[in-house]
Amino acid sequence: MLLFRAVAIATTLLAASAGCARGKAPAPVSGAAAAADEKPEHNFRFRSPGPAWSRTDPDHIDPSAKLAYARSRPDVSFLVYVTRPGTDLAVDGVIVSWKRQLEAQASGAVELSSSPLDLHGLSGTRAVAAATVQGAKVVYESWFLARHGWLYQLLAWGAAKDRAVLQDEARALFAGFELIDPAARAAPVRRPAKPYASKDLGWSIDLGPPWMEWRGVQDRVPAAEYGATCGDASLLVAAVPLLGHRPPLEAAVPALLSLLDVRNAEDLPRRPLRVGSWTGFELASQRKIDGRWMRVRLWALVGDEAALAAAEWRPPEQPESECAEPLEKLAAGHGQRLRPQKNNSFFGPDDVQGKAAAARFFVEVGRRLRASGRAVESAAYFAEAGSLAPDDPGHLLDEVRILQQAGKREEAVRRIAARLHGAPCASALRVEAAQLLAELGRAPEAIATWSGAFGCGYRDPAALSQYLRFLEREGRLTLAFREAQAYADPADLPRLRGQLAAGDRQ
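A brief report on the enclosed structure follows.

The rules behind these values
The written sequence of each chain sets the order in which its residues are numbered from 1. Only residues with pLDDT of at least 70 are given local features in this predicted model, and only at 80 or more are side-chain atom pairs given and counted; all residues enter the totals for whole chains, interfaces and linings. Heavy atoms throughout the structure, all of them, feed into the side-chain values; hydrogens and water do not. Helix numbering and strand numbering both begin at the N terminus, where a helix is a DSSP run of H or I of at least 4 residues and a strand a DSSP run of E of at least 2. Only heavy atoms enter the contact rule, under which two residues are in contact if any of them lie within 4.5 Å. Take the buried Ala, Val, Leu, Ile, Met, Phe, Trp, Tyr and Cys residues and link them wherever side-chain atoms come within 4.5 Å; each set so joined is a nonpolar core. Accessible area is worked out with a 1.4 Å probe on protein chains only. A residue is then buried under 20% of its type maximum, exposed over 50%, and partly exposed in between. Every axis in this analysis is a line fitted to C-alpha atoms, fitted for helices over the stretch in contact. Angles between the N-to-C directions lie between 0 and 180 degrees. Put simply, angles under 35 degrees are roughly parallel, angles over 145 are roughly antiparallel, angles from 65 to 115 are roughly perpendicular, and the rest are oblique. A clockwise turn of the near helix away from the far one marks a right-handed crossing, whereas an anticlockwise turn of less than a right angle marks a left-handed crossing. Gly counts as polar in this scheme, as do all residues outside two lists: the nonpolar Ala, Val, Leu, Ile, Met, Phe, Trp, Tyr, Cys and Pro, and the charged Asp, Glu, Lys and Arg. By convention, a stacked pair of Phe, Tyr or Trp rings (six-membered ring in the case of Trp) has centres within 6.5 Å and planes under 30 degrees apart, an edge-to-face pair has planes over 60 apart, and any other such pair is tilted. Criterion for a charge above a ring: Arg CZ or Lys NZ at most 6 Å from the ring centre, at most 35 degrees from the ring normal.

This part is about the environment of Ala-434. As for its placement among the helices and strands, Ala-434 is situated in helix 12 (residues 428-439). Not counting chain neighbours up to four residues away, the residues in contact with Ala-434 comprise Ala-446, Thr-449 and Trp-450.

Written out as structure tokens, the structure is:
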């Protein structure tokens with residue numbers, strides 16, 4: 001969705017917009033325009049919060065925005081985004097997608113919190129995010145509002161050091177937003193489904209009329225690559241690269257279906273399926289979707305270089321002649337021989353959802369293999385998931401524990417080192433890696449990893465207590481006292497000192 005891509009672009013612009021604000025600022029808005037800046041084509045008006053704010057051309061910040069304002073001292077920018085999905089989206093899912101876009105642009109973790117915010121009788125969600133972008137610590141204040149087929153995002157951002165001022169300014173900005181006609185409804189944008197080809201993964205589909213494209217399909221199913229609708233019938237497809245792996249069908253099929261949020265499909269009848277050189281199964285059932293009974297057909301196919309899951313559903317009373325069965329239009333050929341590359345660049349810099357879907361697939365395959373007694377084989381799939389989602393420490397935990405149980409301790413240490421290469425200095429991944437190194441008996445590496453993470457600014461009382469207890473067990477009490485003094489919250493320091501002192505007396 002365009003809204004998300006625009007927000008991702010906006011994350012990189014703090015330094016540029018701040019520089020503009022310190023230089024020649026746009027002329028202040030005056031007269032009637034200052035009272036209300038109306039956008040009837042998007043059914044909203046905006047009232048500037050005061051003379052410190054100047055209206056500017058959105059093209060100077062992000063052409064996807066519909067309205068832009070800026071101020072200096074402190075430097076804060078403000079944008080209004082509008083999309084017209086035609087239906088009211090779940091705002092929680094929109095915020096999750098926004099966070100993923102921020103994570104794709106930020107270095108290190110993105111802190112995000114959200115809470116309800118109602119203004120002018122409009123119920124929305126306020127989301128606050130903090131991230132480091134191009135070396136600068138940035139805070140984003142956003143208000144998301146889904147109303148009668150429109151989706152609005154009001155976004156203000158500035159330097160983290162100005163967080164308190166930004167919060168006040170954002171509240172004033174949000175209060176200046178109104179709908180021109182609160183009862184107006186946006187008609188959904190409908191476009192015929194065009195032929196689609198996934199050149200890297202080797203599959204394609206050409207539905208033809210009367211099928212229409214499903215805009216925003218990833219808001220419904222984040223892993224989906226393609227979607228289409230026809231009356232009450234719907235189709236979606238999710239595909240992932242295999243990256244040189246050859247997962248067995250009994251593990252790959254449920255992993256693929258999980259991308260479509262289909263669970264407990266083991267009891268469904270299966271029909272063997274072959275499309276080109278791809279093999280798999282068709283599964284059919286009836287189930288409730290959005291409270292309505294639907295006839296569902298599922299395809300799960302594995303090729304040499306990629307795998308896919310497709311789902312088509314329609315109400316039982318809708319005749320097949322009304323919208324021709326879409327799955328039979330799916331063609332599968334030879335995909336690109338994708339192999340793991342540095343930073344997984346084969347996905348492209350903005351394909352956050354593609355990486356997440358592939359990581360999810362490899363985790364599910366790993367879990368299935370482990371459950372079937374093939375734990376050592378599963379380690380490679382957890383490792384692949386870890387390379388696709390390097391900030392998720394859970395994948396490293398699964399991989400290392402499996403290698404440890406198999407007696408491959410040195411291999412486990414090498415895997416940890418590989419995952420830490422290039423990882424953010426202050427990250428949960430490094431803290432998890434330190435604990436794993438400690439369990440593997442590599443005390444010097446564990447201490448160095450823990451100390452490095454905390455020294456870079458990572459703060460978590462539970463993780464620090466874990467580190468200090470390890471130092472205590474290793475007989476490194478002097479270092480433990482020093483590390484507690486350096487990294488503990490001052491209010492928690494007396495408790496930690498007492499804990500270490502008690503250990504020293506035992």
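A few words on the nonpolar core. Among the nonpolar cores identified, the biggest contains 85 residues, and Leu-256, Phe-361, Ile-416 and Trp-450 are the most heavily contacted of them. The contacts of Leu-256, once residues within four sequence positions are left out, are Val-240, Ala-300, Leu-301, Val-302, Ala-307, Leu-308, Ala-309 and Phe-361. If you look at the next biggest cluster of nonpolar residues, it comprises 29 residues, including Ala-156, Leu-166, Leu-179 and Ala-186.

What follows concerns the packing of helix 12 against helix 13 (residues 443-455). Helix 13 packs onto helix 12 with a crossing angle of 160° between their chain directions and a minimal axis gap of 8 Å. One way to sum up the angle between helix 12 and helix 13 is to call them roughly antiparallel. Handedness of the helix 12/helix 13 crossing: left-handed. Counted together, Arg-430, Val-431, Ala-434, Gln-435, Leu-437 and Ala-438 of helix 12 and Glu-445, Ala-446, Thr-449, Trp-450 and Ala-453 of helix 13 form the full contact between these two elements. Here the contact of helix 12 with helix 13 is composed, by residue class, of seven nonpolar, two polar and two charged.

With that out of the way, let us pick up the side chain of His-245. Tracing the backbone through its elements, the reader meets His-245 in the loop between strand 15 (233-241) and helix 7 (249-259). For His-245, a relative accessible area of 14% gives the class buried. In contact with His-245, other than residues within four places in its own chain, are Phe-362, Ala-380, Tyr-381 and Glu-384.

This next bit is on the packing of aromatic side chains. Scanning the entire structure with this criterion turns up 19 aromatic pairs. Ring centres of Trp-98 and Phe-144 lie 5.4 Å apart, and the angle between their planes is 65°; on these two criteria the pair is classed as edge-to-face. Residue Trp-98 is located in helix 4 (residues 91-105), and its partner Phe-144 is located in strand 8 (residues 136-147); the two are separated by 46 residues in the primary sequence. Judged by centre distance (6.3 Å) and plane angle (80°), the ring pair of Trp-203 and Tyr-226 falls under edge-to-face. Note that Trp-203 is positioned in strand 12 (residues 203-205) and Tyr-226 in strand 14 (residues 226-230), a separation of 23 residues in sequence. Each member of the pair, Trp-203 together with Tyr-226, is buried. Joined through ring pairs, the aromatic side chains of Trp-450, Phe-454, Tyr-458, Tyr-467, Phe-470 and Tyr-487 make up one cluster. Its end group placed over the ring of Phe-281, Arg-270 keeps NZ or CZ at 5.3 Å from the ring centre.

Shape descriptors only; they carry no functional weight alone.
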